[in-house]
Every structure is written in C-alpha cells, then in structure tokens.
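Given next are the chains, with one letter for each unit.
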Amino acid sequence: MNIIAYMHSDFPEKFGIPRQSGLVEELESAIVFEPEYRNEDALRGLDQFSYIWLIWQFSKSVREGWSPTVRPPRLGGNERVGVFATRSPFRPNEIGLSSVRLIRIETTPGFGPVIYVAGADLMDGTPIYDIKPYLPYVDSHPEARGGFAEEVGDYRLRVDIPPQLMEKVPESRRNALRGVLAEDPRPAYQNDPGRVYGMDFAGLRIKFRVIEGMLTVLDLETGEG
C-alpha cells in the first residue's frame, strides 16, 4: 500500500492521545497529502460529508510477531482479551481506523488541498493510507452492542489547571487540552497518587498528578523551557 498523506496534530508522542477518535471533539488536526496525491479532483465532493474515515498505520507500534491476546485500557490494563476484540495497536497488521469530523478542505500554497478534521486520535506524522466518506445510513448502528467497552464505569477525571498556567496555553488549544486531560492520559494500570506524569501537547510540556479522580496540572513549560 502507498502512503497518501500524513497527519499533523498536537501530539508529538503517543502518551496523551485519546484512546478513540471522537472523544475530544475540540482537537483539530490537518491531513497533508504527499506530492503525487495533491490533486483537487481526488477530493471533489468530499466536502458534502460531515465525517470521514481514516485508514492509517500505527507507525510507532511496528514490531515483529504478534500476540493473540492484549490488555485493553478499558479493562484496567490487567485483563487479557482477544486482539480482534480490541482496537489495540499491537496487531498482525498495524492498521488503524478512525472516524473524524470534517471541518473544511483548504487549498494551500505548496501543499495543495489540506483536510482539516476534528476529534482525531492520531500522533503527529502518522501515515495515512486511505480516506473514505462516513455514510450514516450504513455506518451508524445505534442498537449495536459495545461489549466490554460499555460494561465499565466512566473513567473521566476532573481537571484543575491553575489560571497562571492556563495563560501559557494558546486560547485555541485550551478546551482541547482540558478534554485530553479529562480522558485520563495515564496507562490504565497505573494509579500512583504520588507520581508526576509528563505529557507533550501543542509545543507544551505538561506535568500533572492524579489524586482521587482529580487531575491537577503542576507545571506547564513551553517548548523553549
């Protein structure tokens, strides 16, 4: 398969990325095509759709061999289930599938048509293999069962970001940052109230601690810090 585009997002590393697409709608990303695919005709009609499917590669999870079972975060990271019953990146083929909201398509100098999307769960630089329209009449199944993913409680956190630290965050990124932190970026098997975690987001280094369901940002450094 050929890589047709790359994702440009606020996540330079895997830590902190929402575990599913659509969880943090405030996140905005851009899809930039490779030179040979910068053809506006290939996107003709796509702006008529509200959502699109992205088929992409877990490029930082490529490894030899595979395991038939994995430990999904929704089960606390300790219980094993079959890999095909999960969306784990550790699969026989490291392929990801995400549904994202289409914001706009904009032709830019030097990069041709760029697709701007919301709610993506992709790291910056993720290779994209294909883009398809989301079709509500066949892709939406409100009556569908969600398996073990629906059987566990809400793991969202309350978030406290002191005002003097929030001032360091660009206004356009504040709601997105709060949404990302509320989804609990920590590995599912870690719950140490004394531990300080660090996360990179939008050129910022965020340090935080979680105690009894409250995530408190302790420090926030710019990329130059």
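The coordinates are above.
Residues numbered from 1 in each chain as written. Predicted model: local features only at pLDDT ≥ 70, side-chain atom pairs only at ≥ 80, totals over all residues. Heavy atoms only, no water.

**Examining the overall build of the protein chain**
The following threshold applies: Only DSSP runs of H or I covering at least 4 residues are called helices, and only runs of E covering at least 2 are called strands; the numbering of each starts at the N terminus. Our radius of gyration looks at C-alpha atoms and nothing else; its globule reference is 2.2 Å times the residue count to the power 0.38. Note on contacts: a residue pair qualifies if any of its non-hydrogen atoms lie within 4.5 Å across the two residues. All accessibility values rest on the Shrake-Rupley procedure with a 1.4 Å probe; residue burial counts only the protein chains present in the view. Charge convention: Lys and Arg are scored as positive, Asp and Glu as negative, and His as well as the terminal groups of each chain are ignored. Positions of charges follow a simple convention, taking NZ of Lys, CZ of Arg, CG of Asp or CD of Glu.
The secondary structure content of the protein chain amounts to 3 helices and 12 strands. Here the protein chain has a C-alpha radius of gyration of 18 Å; the compact-globule value for 225 residues is 17 Å, and the two agree. Expressed as lengths along the three principal axes of its C-alpha atoms, the size of the protein chain is roughly 55 × 45 × 40 Å. Expressed as a percentage of contacts within the protein chain between residues at least 6 apart in sequence, the contacts between residues at least 24 apart total 68%. Carbon and sulfur atoms make up 48% of the accessible area of the protein chain, which amounts to about 13000 Å² in all. Once the 26 positive and 33 negative side-chain charges of the protein chain are each reduced to a mean point, those two points are 5 Å apart.

**Topic: the sheet that holds strand β12 (residues 214-222)**
Heads up, the condition is: Strand pairing is assigned whenever DSSP detects at least two bridges linking the two strands. For helices, the axis comes from a line fit to the C-alpha atoms of the stretch in contact; other axes are also lines fit to C-alpha atoms, and the angle between any two N-to-C directions lies between 0 and 180 degrees.
With mixed pairing, the 4 strands of this open sheet are ordered in space as β9-β12-β11-β10. Strand pairing shows two members of the sheet lacking a second neighbour, β9 (158-160) and β10 (197-201), which therefore form its edges. Strand-to-strand, the axes of this sheet are offset by a mean angle of 30°, without reference to chain direction. Pairing of β9 with β12, which is carried by 3 bridges, proceeds in the parallel orientation. Bridging from a neighbouring strand, R158 pairs with M214 of β12. Together, β9, β10, β11 (204-211) and β12 form the strand contacts of helix α3 (residues 174-182), whose direction differs from that of β10 by roughly 140°.

**A look at the pattern of salt bridges**
This is how the line gets drawn: Between Lys or Arg on one side and Asp or Glu on the other, a salt bridge is scored when a side-chain nitrogen of the former is within 4 Å of a carboxyl oxygen of the latter. Exposed residues in this analysis have more than 50% of their type's maximum accessible area, buried residues have under 20%, and partly exposed residues fall in between, with area computed by a 1.4 Å probe over protein chains only.
Summed over all chains, the structure comprises 10 salt bridges. One salt bridge connects E106 with R104, and the closest N-O pair in it is separated by 3.0 Å. Across the salt bridge formed by R156 and E183, the nearest N and O atoms sit 2.5 Å from each other. You can see R156 sitting in the loop between α1 (136-139) and β9 and its partner E183 sitting in the loop between α3 and β10, a full 27 residues away along the chain. Taking the relative accessible area as the measure of exposure, R156 reaches 44% and is therefore partly exposed. Connected through shared salt-bridge partners, E13, D200 and R205 make up one network.

**So, the sheet that holds strand β2 (residues 28-33)**
With respect to topology, 6 strands assemble into a closed barrel ordered β1-β2-β7-β6-β3-β8, the strand pairing being antiparallel. Strand-to-strand twist in this sheet, taken as the mean axis angle between neighbours without regard to direction, amounts to 45°. Both strand β1 (residues 5-8) and strand β8 (residues 127-133) contribute to a ladder of 2 bridges, which runs antiparallel. If you follow A5 over to β8, its bridge partner there is I128.

**Some words on the environment of P68**
Summarising the element assignment, P68 is placed in the loop between β3 (51-57) and β4 (69-70). Overall, the relative accessible area of 53% leaves P68 in the exposed class. For the pair formed by P68 and E13, sequence separation is 55 residues and the distance between their alpha carbons is 26 Å. With residues near it in sequence (within four places) discarded, P68 still touches V81, G82 and V83.

**Some remarks on the side chain of R91**
Selection rule: What qualifies as a polar contact is a pair of N or O atoms within 3.5 Å, subject to a donor-acceptor requirement within protein and to the restriction that residues adjacent in sequence count only when both atoms come from side chains.
Structurally, the position occupied by R91 is in the loop between β5 (81-82) and β6 (95-108). E94 provides the closest opposite charge to the buried, salt-bridge-free R91, at an N-O distance of 9.0 Å. Here S88 takes part through its backbone oxygen, which lies 2.9 Å from a polar atom of the side chain of R91. With sequence-adjacent residues up to four places away left out, R91 is seen in contact with W66, V83, F84 and T86.

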